[in-house]
Amino acid sequence: MNLTSLRKLYIHELKDLYSAEHQILDHLPQMVAAAQDKGLRQALEAHHKQTERQVARLEKIFSGLDAKPGGQKCKGMEGLLKEAKDAVTERASDDVRDAAIVAAAQRIEHYEMAGYGVARAFAEKLGDYRAADLLQETLNEEALADQKLTRLAERRLNFEALA
């Protein structure tokens, strides 16, 4: 794709997010299975369901753009998920592995927040306020997921990993 306009760049960013979300859907079950802490498992399971809704939002945005969502692979997310897989499979105590899963999940959340923030800004600049609102909704969800992970880590998991 030639990125010759902001609209083309916007669509490129949306395709990247769509790919990223699908990759997350594929990898989250492994993270859930590896997590030993009940609260962490619940947070990851909830995020899986939320990610499905986020994919549906992206599909809704694409339908309004007369563009198709596929055809692109998010290499950034691919790398982050490889690191997450490494954290899950590394020899470690359950407590340390849980802390590593949180660290990997938070890097993923921050990457998503950056992508959704960029896409929302492009949507606003292009006058696509409906899409901007949908992207902001997902951005808010990603921020809340990150806050939940932070609370889990700072209030319990990191202390348990210390022992």
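Keep in mind it's a predicted model, so treat the numbers as computed, not measured.

1. Some words on the environment of leucine 25
Next up, step 1: Along the chain, leucine 25 falls in helix α1 (residues 6-34).
Next up, step 2: A relative accessible area of 15% means that leucine 25 is categorised as buried.
Next up, step 3: For the pair leucine 25 and histidine 48, spaced 23 residues apart in the sequence, the C-alpha separation amounts to 6.3 Å.
Next up, step 4: Not counting chain neighbours up to four residues away, the residues in contact with leucine 25 comprise His48, Thr51, Glu52 and Val55.

2. Digging into the packing of α1 against helix α2 (residues 38-65)
Next up, step 1: α2 packs onto α1 with a crossing angle of 155° between their chain directions and a minimal axis gap of 9 Å. In terms of orientation, α1 lies roughly antiparallel with respect to α2. Crossing angle aside, the handedness with which α1 passes α2 is left-handed.

3. Side note on the layout of surface pockets
Next up, step 1: Roughly 240 Å³ of volume is contained in the largest pocket.
Next up, step 2: Surrounding the largest pocket, 18 residues form its lining, Ala43, His47, Gln50, Glu109 and Ala145 being those nearest its centre.
Next up, step 3: Of all the secondary structure elements, the ones that give two or more residues to the lining of the largest pocket are α1, α2, α4 (94-125) and α5 (129-162).
Next up, step 4: A per-class count over the lining of the largest pocket returns 12 nonpolar, two polar and four charged.

4. As for the side chain of serine 19
Next up, step 1: In this fold, serine 19 is placed in helix α1.
Next up, step 2: Setting aside chain neighbours within four positions, we find serine 19 in contact with Gln72, Lys73 and Cys74.

5. Examining the packing of aromatic side chains
Next up, step 1: Within the structure shown, the criterion is met by one aromatic pair.
Next up, step 2: Each ring, one from tyrosine 18 and one from phenylalanine 62, has its centre 6.1 Å from the other, and the planes form 80°; the classification is edge-to-face. Of the two residues, tyrosine 18 sits in helix α1 while phenylalanine 62 sits in helix α2, which places them 44 residues apart along the sequence. With respect to class, tyrosine 18 is no different from phenylalanine 62; both count as buried.

6. Quick word on the environment of methionine 113
Next up, step 1: If you trace the backbone, methionine 113 turns up in helix α4.
Next up, step 2: The exposure class of methionine 113 is buried, given its relative accessible area of 17%.
Next up, step 3: Sequence separation of methionine 113 and asparagine 140 is 27 residues, and the distance between their C-alpha atoms is 8.5 Å.
Next up, step 4: Dropping the residues within four chain positions of it, methionine 113 is found in contact with Leu139, Glu142, Ala143 and Asp146.

7. A closer look at α4
Next up, step 1: In this model α4 runs 46 Å from its N-terminal to its C-terminal C-alpha over 32 residues, within 8% of the 46 Å that 1.5 Å per residue would give.
Next up, step 2: Backbone geometry just after α4 places glycine 127 at a positive phi near 80°.

8. Focus on the pattern of salt bridges
Next up, step 1: Evaluation of the coordinates by the stated rule reveals nine salt bridges.
Next up, step 2: For the salt bridge of arginine 156 with glutamate 160, the shortest nitrogen-to-oxygen distance reads 3.8 Å. Residue arginine 156 and its partner glutamate 160 are both found in helix α5; the two are separated by four residues, about one turn of the helix.
Next up, step 3: Here the salt bridges share partners, and the residues they tie into one network are Asp37, Arg156 and Glu160.

What counts, and at which threshold
- Residues numbered from 1 in each chain as written.
- Predicted model: local features only at pLDDT ≥ 70, side-chain atom pairs only at ≥ 80, totals over all residues.
- Heavy atoms only, no water.
- Helix = DSSP H or I, 4+ residues; strand = E, 2+ residues; numbered from the N terminus.
- Buried < 20%, exposed > 50% of the residue type's maximum accessible area, 1.4 Å probe, protein only.
- Contact = heavy atoms within 4.5 Å.
- Axes fitted to C-alpha atoms, helices over the stretch in contact; angles between N-to-C directions.
- Parallel < 35°, antiparallel > 145°, perpendicular 65-115°, else oblique.
- Left-handed = near helix turned anticlockwise from the far one by under 90°.
- 1 Å grid on protein atoms, 1.4 Å probe; cavity = no way out; pocket = protein on both sides within 12 Å on 5 of 7 lines; lining within 4 Å.
- Points joined across faces, edges and corners; volume = space filled by probe spheres on them.
- Nonpolar A, V, L, I, M, F, W, Y, C, P; charged D, E, K, R; others polar.
- Phe/Tyr/Trp six-rings, centres within 6.5 Å; stacked < 30°, edge-to-face > 60°.
- Expected span 1.5 Å × (residues − 1).
- Salt bridge = Lys/Arg side-chain N within 4 Å of Asp/Glu carboxyl O.

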